[in-house]
2 protein chains.
Amino acid sequence: MNNLETLFIPEEIKNTELAGKLVVIIDVLRASSTVVTALANGCSGFIPILSPDQAKKKAQQFKKERVLLGGEREGIKIEGFDLGNSPREYKREAVKDRTIIFSTTNGVKTLEMVKDAHRIIIGSFLNLQAVCNYCTNYRGGILLICAGKEGKFSLEDAACAGMIINSLKDVFPVACQQADADLTARLLYEKFGNNILEILQTSQHGRYLESIGLEKDLKFCSQLDFFHI
Amino acid sequence: MNNLETLFIPEEIKNTELAGKLVVIIDVLRASSTVVTALANGCSGFIPILSPDQAKKKAQQFKKERVLLGGEREGIKIEGFDLGNSPREYKREAVKDRTIIFSTTNGVKTLEMVKDAHRIIIGSFLNLQAVCNYCTNYRGGILLICAGKEGKFSLEDAACAGMIINSLKDVFPVACQQADADLTARLLYEKFGNNILEILQTSQHGRYLESIGLEKDLKFCSQLDFFHI
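Fair warning: this is a prediction, and the values are worked out from it, not measured in the lab.

Cut-offs and rules
- Residues numbered from 1 in each chain as written.
- Chains lettered and ligands numbered in written order.
- Predicted model: local features only at pLDDT ≥ 70, side-chain atom pairs only at ≥ 80, totals over all residues.
- Heavy atoms only, no water.
- Pairing = 2+ DSSP bridges.
- Helix = DSSP H or I, 4+ residues; strand = E, 2+ residues; numbered from the N terminus.
- Axes fitted to C-alpha atoms, helices over the stretch in contact; angles between N-to-C directions.
- Contact = heavy atoms within 4.5 Å.
- Parallel < 35°, antiparallel > 145°, perpendicular 65-115°, else oblique.
- Nonpolar A, V, L, I, M, F, W, Y, C, P; charged D, E, K, R; others polar.
- Phe/Tyr/Trp six-rings, centres within 6.5 Å; stacked < 30°, edge-to-face > 60°.
- Buried < 20%, exposed > 50% of the residue type's maximum accessible area, 1.4 Å probe, protein only.
- Lys NZ or Arg CZ within 6 Å of the ring centre and 35° of its normal.

Draft legend 1. Focus on the sheet that holds strand β7 (residues 119–123) of chain B. Residue and element names in this part refer to chain B. Spatially, the four strands line up as an open sheet ordered β1-β8-β2-β7, and their pairing is parallel. Edge positions in the sheet fall to β1 (4–7) and β7, since each has one partner strand and no second. Across the sheet, the mean angle from the axis of one strand to that of its neighbour is 20°, orientation sign disregarded. As paired elements, strand β2 (residues 22–26) and strand β8 (residues 142–146) share five bridges and run parallel to each other. By the bridge assignment for β8, Val23 is matched with Leu143. Running over the sheet, helix α5 (residues 128–137) touches β2, β7 and β8 and is turned about 155° from β7.

Draft legend 2. Up close: the packing of helix α8 (residues 180–192) of chain A against helix α8 (residues 180–192) of chain B. At a minimum axis distance of 10 Å, the contact between α8 of chain A and α8 of chain B shows a crossing angle of 85°. Here α8 of chain B runs roughly perpendicular to α8 of chain A, going by the angle between their axes. The residues of α8 of chain B that touch α8 of chain A, namely those facing Leu183, Thr184, Leu187, Leu188, Lys191 and Phe192 of chain A, are Leu183, Thr184, Leu187, Leu188, Lys191 and Phe192 of chain B. For the contact of α8 of chain A with α8 of chain B, the per-class residue count stands at eight nonpolar, two polar and two charged.

Draft legend 3. A look at the packing of aromatic side chains. A full pass over the atoms with the stated rule returns 13 aromatic pairs over all chains. Where Phe8 of chain A meets Phe153 of chain A, the ring centres are 5.1 Å apart and the plane angle is 85°; that geometry is what we call edge-to-face. One end of the pair, Phe8 of chain A, is in the loop between β1 (4–7) and β2 (22–26); the other, Phe153 of chain A, is in the loop between β8 (142–146) and α6 (155–168), with 145 residues separating them in the sequence. Note on Phe153 of chain A: relative accessible area 4%, which makes it buried. Here the aromatic cluster, defined as three or more aromatic residues joined through ring pairs, consists of Phe8 and Phe153 of chain A together with Phe8 and Phe153 of chain B. Of note, Lys191 of chain A hangs over the ring of Phe192 of chain A, and the distance from its end group to the ring centre comes to 5.9 Å.

Draft legend 4. Spatial organisation of the sheet that holds β1 of chain A. Residue and element names in this part refer to chain A. Ordered in space as β1-β8-β2-β7, the four strands form an open sheet in which the pairing is parallel. Sheet topology places β1 and β7 (119–123) at the edges, where each strand pairs with a single neighbour. Averaged over all pairs of adjacent strands, the angle between their axes in this sheet comes to 20°, without regard to strand direction. Here β2 runs beside β7; their pairing, made up of five bridges, is parallel. Along β7, the bridge assignment pairs Val23 with Ile120.

Here it is in structure tokens:
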């Protein structure tokens, strides 16, 4: 039987076996949504690096016209970088055939922590069905990991996990009923259903992004199954 | 305005300001319920110590007839200890006028992590109204901290936090609507209402305790407002 488990906070990874598992990293606002958009728009690679200085250093290994630096601190583009962390910036004309070196706090840190997993995929509302299809075909344990916000629980990531669990409940009926976090995530799905924009507007980080003028990012990230990767 | 925030996992404490705050530690199954029971039954003191060996050492500082060693590992009484972590053992005839030196994993570890808080109180279903009264009268920020289980989210602690938040929603109307974890905890309250035994029987740790023959502890811990301390 497939085992499915949700972690609300990356720190929980410390107490979790990763070997042989499929890890789904969920950082809806906005790293996951940005990565998925860039890959769907034909970027040739996506390299996550925690420190902006190391990201700049890494970029020197590529031809200048082949690489882009992307990332944020507190929602705002890093100085000297080409792109921020708004998925709307990662259009086809900007990213096609370019390698993106990417630095954000929560999402990249979470990726660093799961290096030992068997497979890592990126989860967001934008590619939810594709994630569910991949999980359905995976033979082994599955971990849904919410990136959260500054080491704390975040509503939008947990709700996205809940929607994934809900989609998988017929495939893994037992796994989806067993764990405390799975049950709670599904409860969020039951509350909000497919009203994803409402989830993002309700969440603390969503309200913060709105307050710095990024309400269009909320709308973009709320599009269910916009991409199929 | 009073600020109220819920942390689902003790690791979140690292990213949280404790100074000046009232911390409510919630470890329903079973450390919180045991501490509250012992205090209500007249123990003269409760000293939490992480390591069983250090607990034994500490006990030597007391007259033998004045001290009891209590605690568990994986739900079971520690070898050489007087009591386990079942609140039903902490009867008046056993604990009155005794100091209890207490060692459990999740609850005690969480207590260690909040030493810098201004006030620390213990939350459980057994003393929920008393906790709410204390919070109502506190002038300053309030943190509800779920002890969880082995560093992971636990349903029963989050649901207890949700019930506290629900009780305080008229006292701190804004604070109770703002945070992602508060909203999610209240959702658990809305799902289960006052069916506390159902929460405990649904939770992973509750099911584990039942599997080792401790279903009576679930019934005991599910009694709402059994004590008024």
